Amino acid sequence: MIRFLTLLGRYFLLLGKVFSIPENSTVYYKQTMREFVFLGINSIGIISIISFFMGAAITLQTAYNTENPIYPTYLIGLGCRDSIILEFSSTIAALILAGKVGSNIASEIGTMRVTEQIDALEIMGVNSASYLILPKLGATLLFNPFLTLISICVGILGGWIAGTQLGVITTEDFIYGIQYAFIPYYITYSLIKTVVFAFIITTVSAFQGYYVTGGSLEVGQASTKAVVYSSVLILCFNVILTQLLLS
Amino acid sequence: MIRVKNLYKSFNGRTVLDDISVTFEPGKTNLIIGQSGSGKTVLLKSIVGLHEIDRGEIWFEDKLFNKLDFRGKKEIRKEMGMLFQGSALFDSLTVEQNVRFPLDMFTDQLMEEKTDRVNFCLNRVNIINANKLFPAELSGGMRKRVAIARAISLNPRYLFCDEPNSGLDPITAILIDDLIKEITLEYCMTTIVNTHDMNSVMEIGEKILFISEGIKCWEGNKNEILHSDCEKLNDFVFANSLAKQLRNSK
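Residues numbered from 1 in each chain as written. Chains lettered and ligands numbered in written order. Predicted model: local features only at pLDDT ≥ 70, side-chain atom pairs only at ≥ 80, totals over all residues.

*Asks:* Whenever I open this one, the overall build of chain A confuses me. Can you help?
*Replies:* Of regular secondary structure, chain A possesses nine helices and zero strands. Reading the helices (α) and strands (β) of chain A from amino to carboxyl end gives α-α-α-α-α-α-α-α-α. By its C-alpha atoms, chain A is 70 × 40 × 30 Å across when sized along the principal axes. Looking at chain A as a whole, 43% of its 247 residues are labelled buried. (Helix = DSSP H or I, 4+ residues; strand = E, 2+ residues; numbered from the N terminus. Buried ≥ 20, exposed ≤ 12 C-beta atoms within 10 Å, placed from the backbone.)

*Asks:* Is there a simple way to think about the sheet that holds strand E10 (residues 215–220) of chain B in this case?
*Replies:* All names here are of chain B. With mixed pairing, six strands are arranged side by side in an open sheet as E6-E7-E8-E3-E9-E10. Only two strands of the sheet have a single partner each, and these edge strands are strand E6 (80–83) and E10. Each adjacent strand pair in this sheet contributes to an overall mean axis angle of 15°, direction not counted. Relative to E10, strand E9 (residues 207–212) runs antiparallel, the two sharing five bridges. For Ile-211, the partnering residue across the bridge sits in E10 and is Lys-216. Docked against the sheet, helix H1 (residues 40–47) engages strand E3 (29–33), strand E7 (158–162), strand E8 (190–195) and E9, running at close to 155° with respect to E8. (Pairing = 2+ DSSP bridges. Axes fitted to C-alpha atoms, helices over the stretch in contact; angles between N-to-C directions. Contact = placed C-beta atoms within 7 Å.)

*Asks:* Looking at this model, I keep getting lost on unusual backbone geometry. Mind explaining?
*Replies:* Note: most peptide bonds trans; most residues except glycine with negative phi. Residue and element names in this part refer to chain B. The backbone phi angle of Asp-19 is positive, close to 55°, even though this residue is not glycine. Among the residues examined, Asp-19 registers 14 C-beta atoms within 10 Å and is labelled partly exposed. The backbone phi angle of Glu-213 is positive, close to 50°, even though this residue is not glycine. Tracing the backbone through its elements, the reader meets Glu-213 in the loop between E9 and E10. By C-beta crowding, Glu-213 is classed as partly exposed, having 15 other C-beta atoms within 10 Å.

*Asks:* Would you take a moment to explain the domain arrangement of chain B for this structure?
*Replies:* The accessible area lost on association of the parts is a frequent measure of interface size. All names here are of chain B. As assigned here, chain B comprises domain 1 (1–77 + 181–250) and domain 2 (80–155). Spacing between the C-alpha centres of domain 1 and domain 2 amounts to 26 Å. Tallying the contact residues gives five residues for domain 1 and four residues for domain 2. Among the elements of the structure, helix H2 (70–77) and helix H6 (170–187) are those that each provide at least two residues to the side of domain 1 that touches domain 2. When the residues that make up the side of domain 1 that touches domain 2 are grouped by side-chain class, the tally is four nonpolar, no polar and one charged. (Domains from an automatic or database assignment. Nonpolar A, V, L, I, M, F, W, Y, C, P; charged D, E, K, R; others polar.)

*Asks:* Looking at this model, I keep getting lost on the packing of helix H3 (residues 44–65) of chain A against helix H6 (residues 128–165) of chain A. Mind explaining?
*Replies:* Angle between the axes and distance between the axes: these two values describe a pair of packed helices. Residues and elements named next belong to chain A. Where H3 contacts H6, the axes come no closer than 7 Å and their chain directions differ by 45°. Compared by their axis directions, H3 and H6 come out oblique. Seen from above, H3 lies across H6 with right-handed handedness. Tallied by class, residues from the contact of H3 with H6 come to 16 nonpolar, nine polar and no charged. (Parallel < 35°, antiparallel > 145°, perpendicular 65-115°, else oblique. Left-handed = near helix turned anticlockwise from the far one by under 90°.)

*Asks:* Any chance you could explain the interface of chain A and chain B here in plain terms?
*Replies:* The partner chain B presents 14 residues to the 13 residues of chain A that form the contact. If you tally residues by element for the side of chain A that touches chain B, the top one is helix H5 (residues 117–123) of chain A, at five residues. Per-class residue counts for the side of chain A that touches chain B are five nonpolar, four polar and four charged.

*Asks:* Hey, could you run me through the environment of Thr-203 of chain A in this one?
*Replies:* Residues and elements named next belong to chain A. Along the chain, the position of Thr-203 falls in helix H8 (residues 185–210). Separated by 15 residues in the primary sequence, Thr-203 and Glu-218 place their C-alpha atoms 18 Å from one another. Excluding its chain neighbours within four sequence positions, the residues that come into contact with Thr-203 are Leu-15 and Leu-137.

*Asks:* So what exactly am I meant to see when it comes to the nonpolar core here?
*Replies:* Buried together is how nonpolar side chains tend to be arranged in soluble globular proteins. Core analysis: the largest hydrophobic core is formed by 119 residues, its most contacted members being Ile-201 of chain A together with Met-82, Ala-149 and Phe-160 of chain B. Look past the residues within four positions of Ile-201 of chain A in its chain and what remains in contact with it is Ala-94, Leu-97, Ala-98, Val-101, Gly-102, Thr-140 and Ser-230 of chain A. (Core = buried A, V, L, I, M, F, W, Y, C linked by C-beta atoms within 7 Å.)

Written out as structure tokens, the structure is:
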């Protein structure tokens, strides 16, 4: 328990250092743009591929589970839309990003720690925590909602292509389904979750990397811990946010 | 000038530095020597504030560094340059970007002025036509020289070098030593070098501090080191068989 509280304290102390005033806003801006590419744009591919196939699978599963004349076929489109918006594009995509982006952040910062690059920053008088973590945090907080929107669009596209090509639903019914009883707040809910999950992924992974001691073995362990802890926290906060935002 | 007074540092109850007091003078290459694990790196990192000390005082000129807050330390750190054992160049930046980094962070110079300064520093350490290379594309000696160029880019008053010759061949090691000595004289810096390389000691050791098991055992210069009464120092200095033979033949 004391160990957990110590870790929690260190985490919040690190956040305190991260949110201090940047030494040079131009340098931070350039760093943030760089992180947009590394953590954001480079994730579009994996998110699109996974969203496409998940959308297709959700559509087919919904179709097989509603194979009954009393259910209108447009429910397949509706089921696909709600599953993707409410759960898949925010939570499942966040778990995927925890694996890709989280391990990347932890290993990058961890390697900088064990090769004394962070010490070099400190010696220069640079706030290393802020310089290394704040641009990443800014990039993920701003870009992950776009990833979620892309995921929603590509997921629904995947569902439509799979549904129509495999003959389980017509285009008209699918489009009617995805428009039926649409609640715009679901998008807001999904984006709020995405922002919270982006914060968890970035800060937890950065925390794991920043306090690495040892060598390459420990960097690998920190990377694994970053993914595991981020994933568990995402699942916990998914429940909390769902209760808070949808009840 | 840097003064260390009664410095104590321990890790998990194990004392690593025990009552170290020493003065490092400007315009001189001050050496901290000792066996591996004797506490040299801990002493250097304590002086620059990378380790919090348990007790004692660290003075940079008239400022008590270890009692300053983050902002106060930051002001002094802008006047520090440090060469790390593994060079610690930023992997994601090119040679030019690495050397320009402190200028980007702490000056309002125009890009042209910064580029001129970067080229001057790189020329000073004899790095030519490598501006666009990444650290992974450089040899060990080149990395050390780029790290020196980065360390001097802001004209620091204090230069700290942690094992600058580790992993280098003897000829490159001498080049690095000479470079450190020249730069120290040129900019009248207070330079502290951590080493266990006796070639470095005899080459650039204007003031030498010998520590063993965290205790200061001896202080002097390179001319005095061969005639010391300190047994531990003699064991260290005459550790290899050639040195032993030379000593016995005397």
